[in-house]
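Notes for the structure review
The lines below spell out each chain.
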Amino acid sequence: MKTFLMVLLLAASLILIASIVFQSGNSAGLSGSIAGGAEQLFGKKKSKGYDAILSKITIAGVIVFIICALVLVALE
């Protein structure tokens with residue numbers, strides 16, 4: 001059981017790293033942060049497709065990672 005959870009934790013870690021690296025950055029610098037806030041305020045929606053899929057993969061990876069980590073700590 002412990003070995004299976006450790007392998008699952010490793011897989012979740014690699015999926016998280018890959019999904020975060022492949023996501024596109026919003027913007028850079030101070031001017032980007034100001035413009036990014038304005039875009040959210042006026043309702044510019046996030047593009048559907050590639051970014052949405054990566055976002056869902058990242059969320060699923062985080063959930064699996066946290067659950068595996070907590071279970072492994074509880075087994076110790």
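Residues numbered from 1 in each chain as written. Predicted model: local features only at pLDDT ≥ 70, side-chain atom pairs only at ≥ 80, totals over all residues. Heavy atoms only, no water.

1. Brief notes about helix α1 (residues 2-22)
One full turn of an α-helix is made of 3.6 residues, so residues set three or four places apart face in the same direction. Here α1 contains 21 residues, and its C-alpha end-to-end distance of 30 Å stays within 8% of the 30 Å for a straight helix at 1.5 Å per residue. On its buried face, α1 is in contact with α3 (50-75). (Helix = DSSP H or I, 4+ residues; strand = E, 2+ residues; numbered from the N terminus. Expected span 1.5 Å × (residues − 1). Contact = heavy atoms within 4.5 Å.)

2. A look at α3
With 26 residues, α3 extends 37 Å from end C-alpha to end C-alpha; this agrees with the ideal 38 Å at 1.5 Å per step. Asp-51, Leu-54, Thr-58, Gly-61, Cys-68 and Leu-72 are the residues of α3 that are buried. Elements that come into contact with the buried residues of α3 comprise α1. (Buried < 20%, exposed > 50% of the residue type's maximum accessible area, 1.4 Å probe, protein only.)

3. Side note on the packing of α1 against α3
Running from N to C, α1 and α3 cross one another at 150°; their axes reach a closest spacing of 8 Å. If you check the angle between α1 and α3, you find them roughly antiparallel. Handedness of the crossing formed by α1 with α3: left-handed. Here the contact of α1 with α3 is composed, by residue class, of 20 nonpolar, four polar and one charged. (Axes fitted to C-alpha atoms, helices over the stretch in contact; angles between N-to-C directions. Parallel < 35°, antiparallel > 145°, perpendicular 65-115°, else oblique. Left-handed = near helix turned anticlockwise from the far one by under 90°. Nonpolar A, V, L, I, M, F, W, Y, C, P; charged D, E, K, R; others polar.)

4. Digging into the environment of Leu-5
Take Leu-5: it is sitting in helix α1. Using a relative accessible area of 7% as the deciding quantity, one classes Leu-5 as buried. Placed 67 residues apart in sequence, Leu-5 and Leu-72 show a C-alpha to C-alpha distance of 7.1 Å.

5. Topic: a nonpolar patch on the surface
A cluster of nonpolar side chains, namely Met-1, Ile-59, Ile-63, Ile-67, Val-71 and Leu-75, defines an oily patch on the protein surface of about 600 Å² accessible area. As for its placement among the helices and strands, Met-1 is situated in the segment before α1. Judged by its relative accessible area of 70%, Met-1 is exposed. (Patch = residues over 30% accessible without salt bridge, like charges linked within 9 Å, V, L, I, M, F, W, Y side chains within 5 Å. Areas by Shrake-Rupley, 256 points an atom, 1.4 Å probe, with all protein chains shown as cover. Salt bridge = Lys/Arg side-chain N within 4 Å of Asp/Glu carboxyl O.)

6. Focus: the confidence of the model for the chain
Residues of the chain with pLDDT of at least 70 account for 71%, and the chain-wide mean is 81. The secondary-structure element of the chain with the lowest mean pLDDT is helix α2 (residues 29-41), recorded at 55, while α1 shows the highest, at 94. (pLDDT = per-residue confidence, 0-100.)

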